[in-house]
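Here is what each chain is made of, one letter per residue.
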Amino acid sequence: MIKQMLTRLLAKSLWKQKTSTALIVLSVASAAALVSAFLNLAFHLTEQVAKELRSFGANILLVPRSDPLEVEIGGLKYVAPEESAHLEEADLVKLKTIFWRHNIVAFAPFLSRLVEIEGNRALLVGTWFEEEIAIPAGKGLFTFASGIQREVEPDSGKFRTGLKSLARWWRVEGGWVGEDGQGVLLGSQLAQRIGVGRGGVVRITYQGRTVLFPIRGLVQTGGVEEEQVFVHLKKAQDLFGLPGKVDKIQVSALVTPDNSLAIRASRIGPARLSPEEYETWYCSPFLNSIIHQFEEAIPDSSAKAIRQVSEAEGAFIGKMRLTFMLTVALALLAASLGVMAAMMTAIFERRQEIGLMKALGADGKQISLFFLLEGGISGFFGGVLGYFGGLAFARLLAARTFSLASFSLPLSLQGVILFTTLILAVGLAVVGSFLPMREATRLEPIRAMRGS
Amino acid sequence: MEPLILSHELSKNYNGKVCALDRVSLEICPGEWVAVMGASGSGKSTLLNMIAALDLPTSGALWVDGVDIVTYTEEERVRFRREKVGLIFQHFYLIPYLTAVENVMLAQYFHSMPDKGEAEEALRRVGLGERLDSLPSELSGGEQQRVCIARAFINQPKIVLADEPTGNLDATNEETIMKIFHHLHRAGHTLLVVTHDPHIGQQADRIIELDHGRVVPVVSSQRSFLKNTNFTLSIPIKEKHPT
Ligand SMILES: Nc1ncnc2c1ncn2[C@@H]1O[C@H](COP(=O)(O)OP(=O)(O)O)[C@@H](O)[C@H]1O
Ligand SMILES: [Mg+2]
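Residues numbered from 1 in each chain as written. Chains lettered and ligands numbered in written order. Predicted model: local features only at pLDDT ≥ 70, side-chain atom pairs only at ≥ 80, totals over all residues. Heavy atoms only, no water.

Colleague: Please set out the pattern of salt bridges residue by residue, giving values where relevant.
Modeller: Residues and elements named next belong to chain B. The full count for this structure, using the stated rule, is 28 salt bridges over all chains. A salt bridge links Asp65 to Lys158, with the shortest nitrogen-to-oxygen separation between them at 3.6 Å. A residue pair is termed long-range when its members are at least 10 positions apart, and Asp65 in the loop between strand S4 (59–64) and strand S5 (67–68) and Lys158 in the loop between helix H5 (141–153) and strand S7 (159–163) qualify at 93 residues. Classification of Lys158 as partly exposed rests on a relative accessible area of 41%. (Salt bridge = Lys/Arg side-chain N within 4 Å of Asp/Glu carboxyl O. Helix = DSSP H or I, 4+ residues; strand = E, 2+ residues; numbered from the N terminus. Buried < 20%, exposed > 50% of the residue type's maximum accessible area, 1.4 Å probe, protein only.)

Colleague: How would you sum up a nonpolar patch on the surface? Please name residues and give values.
Modeller: Where nonpolar side chains cluster on the molecular surface, the patch consists of Met344, Phe434 and Leu435 of chain A and spans about 260 Å² of accessible area. With respect to the helices, strands and loops of the structure, Phe434 of chain A is situated in helix H12 (residues 411–442). (Patch = residues over 30% accessible without salt bridge, like charges linked within 9 Å, V, L, I, M, F, W, Y side chains within 5 Å. Areas by Shrake-Rupley, 256 points an atom, 1.4 Å probe, with all protein chains shown as cover.)

Colleague: Please give an account of empty space enclosed by the protein that cites residues and values.
Modeller: Going through the model one piece at a time under the given rule, you end up with four cavities of 30 Å³ or more. Size it by volume and the largest cavity reaches roughly 110 Å³. Residue lining of the largest cavity: Ala359 and Leu360 of chain A together with Arg81, Arg82, Val85, Gly86, Leu87, Ala107, Arg151, Ala152, Asn155 and Pro157 of chain B, and that is the complete set. When contributions to the lining of the largest cavity are tallied by element, the ones reaching two or more residues are helix H2 (74–84), strand S6 (85–88) and H5 of chain B. For the lining of the largest cavity, the leading source of residues is S6 of chain B, giving three residues. Of the residues that constitute the lining of the largest cavity, the class distribution is seven nonpolar, two polar and three charged. Taken as a whole, the second largest cavity holds about 90 Å³ of empty space. Surrounding the second largest cavity, Leu14, Ser20, Thr21, Ile24, Met343, Ala346, Ile347, Arg350, Phe371, Glu374, Gly375 and Ser378 of chain A form its lining. Counting residues per element, the ones that place at least two in the lining of the second largest cavity are helix H2 (18–56), helix H9 (308–349) and helix H11 (364–400) of chain A. At four residues, H11 of chain A tops the list of elements feeding residues into the lining of the second largest cavity. Taken together, the residues that form the lining of the second largest cavity break down as six nonpolar, four polar and two charged. (1 Å grid on protein atoms, 1.4 Å probe; cavity = no way out; pocket = protein on both sides within 12 Å on 5 of 7 lines; lining within 4 Å. Points joined across faces, edges and corners; volume = space filled by probe spheres on them. Nonpolar A, V, L, I, M, F, W, Y, C, P; charged D, E, K, R; others polar.)

Colleague: Quick one: what's the story with the interface of chain B and chain A, residue by residue and with numbers?
Modeller: Bring the parts together and some accessible area is lost; that lost area is often taken as the interface size. At the interface, 27 residues of chain B touch 28 residues of chain A. Summed over both sides, the interface between chain B and chain A buries roughly 2,800 Å², with carbon and sulfur atoms accounting for 67% of that surface. Considering only the surface of chain B that becomes buried against chain A, Tyr97, Tyr109 and Phe110 of chain B emerge as the three largest contributors, covering 29% of it. Scanning the region where chain B abuts chain A turns up four salt bridges. In this structure, Lys358 of chain A engages Glu74 of chain B in a salt bridge whose closest nitrogen and oxygen atoms are separated by 3.7 Å. Our enumeration of links across chain B and chain A arrives at six residue pairs in polar contact (both at pLDDT 80 or more). Those elements that provide at least two residues to the side of chain B that touches chain A are H2 and helix H3 (100–111) of chain B. (Contact = heavy atoms within 4.5 Å. Buried area = accessible area lost by both parts, 1.4 Å probe. Polar contact = N/O pair within 3.5 Å; in protein donor to acceptor, adjacent residues only side chain to side chain.)

What follows is the structure, encoded as structure tokens:
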């Protein structure tokens, strides 16, 4: 009966005072719409950027097998020196011959040593910038222990790849090192430190040998690369006296998220899967099955998953989100003032009612509960209204301003946004009603009632 | 008989200057109907608000039902209002968005438990059986005041305090309200009615007259049931009913 009375009281109060309720709902809704629109845009844009980065960034690193290669000669065991610490440049093309060859988006070799550059120590990195390579036909038919055969179309012809496709987010001022392989790409920090710019020349010394390189461009990456110097792989091999060798290879491969089979395979090792499971695992583009196939293709290599790009991506997206959040916070602050004002007016207008309730023997708790609930309900409806309003606005903005055709966020993210918006809306309305509420209940009932 | 209300040198100053009540001592017995009369600004409302625990005196003591309510905390004053008094004002304060019966139920809700049947019965007793579901805006002034009276009595308070209950009503409505008061008085309720209308005042058991915050002394024969009232200065007027 008490709950029923309270419900009736709330419903009537909200319904019979439509103008005041509408004003509060609208003011909360506009604040909520702002939050919802910003969150939707922030998540959507960062998601978009993340997707872009993810499809081009490296996610697999190949290095020489780390355990020393043991060679038996005449019953004696030798640990092969130097040679085993490198991969062969000629093996790179094999990456495009594995079962999942079509999912290999880009790769680049690296060969790095510390050098002297204009009297400063820095890492010189030899790599491919934009290399055109010829892909061999490779194996077309894969036969499995389970008896199943799978055919893969050859990824025939030419393939252009290198750092330019691997590190899409790098900002190069000037140009990449061209086809001719002449010149260097200088990390912007390093360039600043040694006081050189585009169009200049740098002197690089390695083990007594000095070579002059023209500066083609300066690069900003947001990471340690800004302290490094990039040259064509051939130049590095010449300088270091390591023809045909590379230290490591970074690969960008399109992968599918791990499922239970992929997780089991990484835990117990693919060799212990049943033949059927192995076949399924091998023929799914899991990160680990692609890694497995790389190690098959280049036997003296060790491949592993890396998060290098995710980190760069994370930092960038983090900044982007932060910017969005700060904007939302500021806008929200302004909007909450509006809500406060609306709540204050509404409650001020009802101070006579509050005085009457007090005179009738209602205690502060009963009155507060009533008005805070009323505020909360208005806030909730404002929040729902604002959420959808904001979503619609974000869609419109995405289509008009960012020319993004599709606008869809995962349901879980939408849930997060709806939840955040509602919590903020209800919180705003409740907090907004709290202060004027307290003022009103503090007032002596006779004084409150007398007031017009 | 134990007095229900007993005040001793009750004073109220506003802003340290205006002396709205000046050392008022009085006593009111259970079942009595007392009229508080006096010119405008003589302190009638102030006295009533004190007894309702809506306002605090500057000095003096005020016992209601055996307890000094001046010592009450804010919380206790709220509980006191809820449990001991029924209030009727000159302006018929009702919650505008609630119907007549809901307005009565609201007082039940603050007190303990809303009971629709009981609320409807109370409205029937003040002649509003047909207007149970009307909003205040749909009722005449007299009808609104009758809702207020039903609300004031719904929780069976020890005292009913009315501040110029007919001040805003025409003669016909005044008549109706006074009939209800007589009825309630016969049923044994204690009534304290503020008025400046002698016609209303004369219907009470006795009159307490205020002038500039002071009780006007009247020397007169005491009625039997006021024997114990040692220092109350009041006029028993039942016999002098006019015409
Ligand atoms: N809140 C207040 N502040 C200052 N003075 C007040 C206040 N309430 C009443 N008064 C003053 O106290 C005196 C008594 O007022 P009141 O009790 O309302 O008189 P009555 O009800 O007899 O007309 C008047 O002079 C009035 O101006
Ligand atoms: Mg008055």
